Amino acid sequence: MSDHVDGPRSIGDPAADITDLFAFTSPENPARTVLAMDVFPSAGEDAIFSNIIDYAIAVRHVTVAGVGNNAKFQPADDEIRFSFRFETLKRDAAGKAIQHGICKLPDGRELSLTVNEENGTSTPEGDVRVFAGLRSDPFYLAWDIAILKKLPNLLQHTNVLCIVVECDTRRVLDPAKGSLFGAIAETVPPQKRGLLGPAISRIDWIGRPEQTNMRLNNPAMSEITDLRDLWNQQTPFAISKVLQPLFLQRLKDSIATWDMLDGKADWTPEAIAATANVFLDDFLLFDVAKPINDKSHLEIEKSTLSGHPYQTGGGRTIDANSIDILLSWLVNNDREFLLGGATGATKPGMNVFPYFATPNTKLQIVSESVELAATPDDVWSLIGQFGGAWHPLNARVNLTGAGIGQLRSILTLDGQQIVERLEAIDDAKRFFSYSNIAGMGVSQYTGTLEVKPKGSGSVVDWRAQFLAANATDRAMKVKVSTLFKTGLESLKQRFGVTK
């Protein structure tokens, strides 16, 4: 979740779907600040940045304009903006696909970069360095948040496309004008008027995590209008005054719902109204003059709402437990820290540039089996044909070619087209292996189907390993497991089960 898949429009273009935004002090050099945005939820190993979208991180100086129930943070008009554009894929001398990009810096300089280049690239002056590429998703969600039930990390082993900017704080952000800042990230499509109306101003933007998926579209609230696309069309730092009452009321209702999720009222109506008003101005607050650590996320907002000067630099580090920090605040006003079912992301952040952990490459494994009251030869005669149409979820199977390397094209009952290639087959040992070529949303998929004798009957083993793409490992494992179980269950009806 976080800002993952936060509306129909961003879901339709995962390369433009911003999942997270971060602002923290460089672990390598305390005189430098790191700003980072992630896009493309559950990115596969071949995911690329869009070549028509502007990816931008914008920062403004912010002042505290009110405290307590009048808490307010006022952003300046001037913007410190880092904008990225990426080119179409090209091939290097070895034929490997490669993507280049340009980062436009706030002062107009341009910095060329190559996607997935581990060391990134720096300006000749050394005041800015950038990185863009596939990394492990640092976000973790370990709750069914609608009912506060603890779960394992739902984003385990997933990857995202990450953009990192590290800059000399003094030279680039100019803290002499004030050390408190607000940051947003946005994805902006080409500004061309369509036949049916004006151009789409932006596809997605993010300030603080969970503005859309937890506060505006609170899953604990039933039968509410989805405001996420409407919110994503708003101009960061300048929410439409016409729509502000609509968003503000939703934020109040949402906080009130979170408050009662544990059955205890910890918020006063006045505190709910004040907090909703702070969330209405959605930018990630950070103060470069104070320490930013894994526990400082949202401390600036909470202290100011409490009427006290903030003690930390707020921001958001890679390893910050943002969901539990936010849930504890919303559900019980920090009376008790709510720790979900996981204590960290798949991989923690690194202390060296680009700070975000390397991509996950662990193959996921699904294995199912069934014992049948039939001889191995009888069972193999049915399922041992690579082009066999015995699976109840398959509407049609077509074969192309012959022997090792032949392709089978499977049309499933729900209209999906899956293409697989035969990699090995041994009728004497009753097994074949295959790879997926298309249609499963996976990469490096290999499967094996094998029939072995067991007692007077047989056992069928069906196994697969893969990397998920465009879906979480959890979702893909459920999909593959369901496919296997449905097929094996159908064999019970044909051959009976061992007693």
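Computed from a predicted model, the values in this text were never measured in an experiment. (Residues numbered from 1 in each chain as written. Predicted model: local features only at pLDDT ≥ 70, side-chain atom pairs only at ≥ 80, totals over all residues. Heavy atoms only, no water.)

**Q** Could you give an account of the overall build of the protein chain, with specific residues and numbers?
**A** For the protein chain, the helix and strand inventory stands at 10 helices and 24 strands. What you see for the protein chain is a C-alpha radius of gyration of 26 Å, in line with the 23 Å of a compact globule of 499 residues. Expressed as lengths along the three principal axes of its C-alpha atoms, the size of the protein chain is roughly 80 × 60 × 50 Å. Buried residues in the protein chain amount to 53% of all 499 residues. Intrachain contacts of the protein chain at a sequence separation of at least 6 include 61% that bridge at least 24 residues. For the protein chain, the accessible area works out to roughly 21,500 Å², and carbon and sulfur atoms hold 52% of it. Computing the positive centroid from 50 side-chain charges and the negative centroid from 60, the protein chain places the two 3 Å apart. (Helix = DSSP H or I, 4+ residues; strand = E, 2+ residues; numbered from the N terminus. Rg over C-alpha atoms; globule rule 2.2 N^0.38 Å. Buried < 20%, exposed > 50% of the residue type's maximum accessible area, 1.4 Å probe, protein only. Contact = heavy atoms within 4.5 Å. Areas by Shrake-Rupley, 256 points an atom, 1.4 Å probe, with all protein chains shown as cover. Lys, Arg positive; Asp, Glu negative; His and termini not counted. Charge placed at Lys NZ, Arg CZ, Asp CG, Glu CD.)

**Q** Before we move on, can you summarise the pattern of salt bridges with the specific residues and values?
**A** According to the stated counting rule, one finds 30 salt bridges in the structure shown. In this structure, the salt-bridge partner of Arg-135 is Glu-118, at a minimum N-O distance of 3.0 Å. In this pair, Arg-135 is assigned in strand E11 (residues 128-136) and Glu-118 in the loop between strand E9 (110-114) and strand E10 (121-122), connecting sequence segments 17 residues apart. Salt bridges linked by common partners bring Arg-60, Glu-79, Arg-81, Glu-186 and Arg-202 together as one network. (Salt bridge = Lys/Arg side-chain N within 4 Å of Asp/Glu carboxyl O.)

**Q** Could you give an account of the nonpolar core, naming the residues involved and the relevant values?
**A** Membership of the largest hydrophobic core comes to 54 residues, with the highest contact counts inside it found for Phe-49, Tyr-55, Phe-84, Phe-86, Phe-286 and Phe-356. Considering every element that reaches this core, the biggest residue donor is strand E14 (residues 159-168), with six residues. Excluding its chain neighbours within four sequence positions, the residues that come into contact with Tyr-55 are Ala-15, Met-37, Val-39, Phe-49, Ser-50, Phe-82, Ser-83, Phe-84, Phe-86, Ile-163, Glu-186 and Thr-187. Core analysis: the second largest hydrophobic core is formed by 45 residues, Phe-73, Trp-205, Ile-255 and Ile-300 among them. (Core = buried A, V, L, I, M, F, W, Y, C linked by side-chain atoms within 4.5 Å.)

**Q** Describe in detail the state of the cysteines, supporting the description with residues and values.
**A** Tallying each qualifying case throughout the model produces zero disulfides. Unpaired in this structure, Cys-103 has its nearest cysteine sulfur neighbour in Cys-167, at a distance of 10 Å. The class for Cys-103 is buried, based on a relative accessible area of 0%. (Disulfide = S-S within 2.5 Å.)

**Q** Which residues make up the sheet that holds strand E23 (residues 442-454), and what values do they have?
**A** Pairing in this open sheet of seven strands is antiparallel, and the strands run E18-E24-E23-E22-E21-E20-E19 from one edge to the other. On the outer flanks of this sheet lie strand E18 (364-372) and strand E19 (394-400), each paired with one strand and no other. With direction set aside, neighbouring strand axes in the sheet form an average angle of 20°. Two strands pair when backbone bridges link them, and strand E22 (residues 431-438) and E23 are joined in this way by five bridges, in the antiparallel orientation. Counterpart to Phe-432 in the pairing with E23 is Leu-449. Packed on one face of the sheet, helix H10 (residues 473-495) meets E18, E22, E23 and strand E24 (457-468) and runs near 10° to E18. (Pairing = 2+ DSSP bridges. Axes fitted to C-alpha atoms, helices over the stretch in contact; angles between N-to-C directions.)

**Q** Quick rundown of the packing of helix H5 (residues 244-259) against helix H8 (residues 322-332)? Include the residues and the values.
**A** Packing of H5 against H8 leaves a shortest axis separation of 6 Å and a crossing angle of 90°. Comparing their axes, H8 and H5 come out roughly perpendicular. On the side of H5, the interface is formed by Ile-255, Trp-258 and Asp-259, while H8 contributes Leu-327, Leu-330 and Val-331. Taken together, the residues of the contact of H5 with H8 break down into five nonpolar, no polar and one charged. (Parallel < 35°, antiparallel > 145°, perpendicular 65-115°, else oblique. Nonpolar A, V, L, I, M, F, W, Y, C, P; charged D, E, K, R; others polar.)

**Q** Which residues make up the packing of aromatic side chains, and what values do they have?
**A** Going through the model one piece at a time under the given rule, you end up with 20 aromatic pairs. With centroids separated by 5.6 Å and ring planes inclined at 80°, the aromatic side chains of Tyr-55 and Phe-86 adopt a geometry described as edge-to-face. Of this pair, Tyr-55 sits in strand E3 (residues 54-66) while Phe-86 is found in strand E5 (residues 80-86), placing the two residues 31 residues apart along the sequence. Judged by relative accessible area, Phe-86 falls into the buried class, the value being 3%. The interplanar angle of 10° and the centroid separation of 4.2 Å between the aromatic rings of Trp-462 and Phe-484 together place this pair among those described as stacked. One end of the pair, Trp-462, is in strand E24; the other, Phe-484, is in helix H10, and 22 residues separate them in sequence. The class of Trp-462 is buried, set by a relative accessible area of 7%. In this structure, Arg-208 packs its charged tip against the face of Phe-283, placed 5.9 Å from the ring centre. (Phe/Tyr/Trp six-rings, centres within 6.5 Å; stacked < 30°, edge-to-face > 60°. Lys NZ or Arg CZ within 6 Å of the ring centre and 35° of its normal.)

**Q** Could you give an account of the pairing of E14, naming the residues involved and the relevant values?
**A** Of all 10 residues in E14, 10 are buried, a share of seventy percent or more. Along E14, one buried face is formed by Asn-159, Leu-161, Ile-163, Val-165 and Cys-167 and the opposite face, lined by Val-160, Cys-162, Val-164, Glu-166 and Asp-168, is buried too. When strand E2 (residues 32-39) meets E14, the two strands line up antiparallel, connected through eight bridges. Along E14, the bridge assignment pairs Met-37 with Ile-163.

**Q** Describe the pairing of E22, naming the residues involved and giving the relevant values.
**A** Here seven bridges tie strand E21 (residues 417-426) to E22, and the two strands are oriented antiparallel to one another. Bridge pairing in E22 links Ile-425 to Phe-432. Counted along the chain from E21 to the antiparallel partner E22, the turn is four residues long, and its residue Arg-430 has a positive phi close to 55°. Here E22 folds back onto E23 in antiparallel fashion, the turn holding three residues, of which Gly-439 has a positive phi close to 100°.

**Q** Tell me about the side chain of His-391, and name the residues and values.
**A** Within the secondary structure layout, His-391 lies in the loop between helix H9 (376-383) and E19. His-391 sits in the buried class, given a relative accessible area of 5%. Within the structure, His-391 has its side chain in polar contact with the backbone nitrogen of Gly-487 (distance 3.3 Å). If we ignore the near neighbours within four places in the chain, the residues touching His-391 are Trp-462, Leu-483, Thr-486 and Gly-487. (Polar contact = N/O pair within 3.5 Å; in protein donor to acceptor, adjacent residues only side chain to side chain.)

**Q** Residue-level account of empty space enclosed by the protein, with values.
**A** Scanning the model with the defined rule gives two cavities of 30 Å³ or more in all. Its volume calculated, the largest cavity comes out at about 190 Å³. Forming the boundary of the largest cavity are 17 residues, of which His-391, Asn-394, Arg-408, Ile-410 and Trp-462 lie nearest the centre. Among the elements that take part in the lining of the largest cavity, strand E20 (residues 407-412) stands out by supplying three residues, more than any other. For the lining of the largest cavity, the class distribution of residues is 10 nonpolar, five polar and two charged. Each pocket or cavity is described by its volume, and for the second largest cavity that value is around 40 Å³. Along the walls of the second largest cavity sit Phe-22, Pro-138, Phe-139, Tyr-140, Arg-316, Thr-317, Ile-318, Ala-320 and Ser-322, which together make up its complete lining. (1 Å grid on protein atoms, 1.4 Å probe; cavity = no way out; pocket = protein on both sides within 12 Å on 5 of 7 lines; lining within 4 Å. Points joined across faces, edges and corners; volume = space filled by probe spheres on them.)

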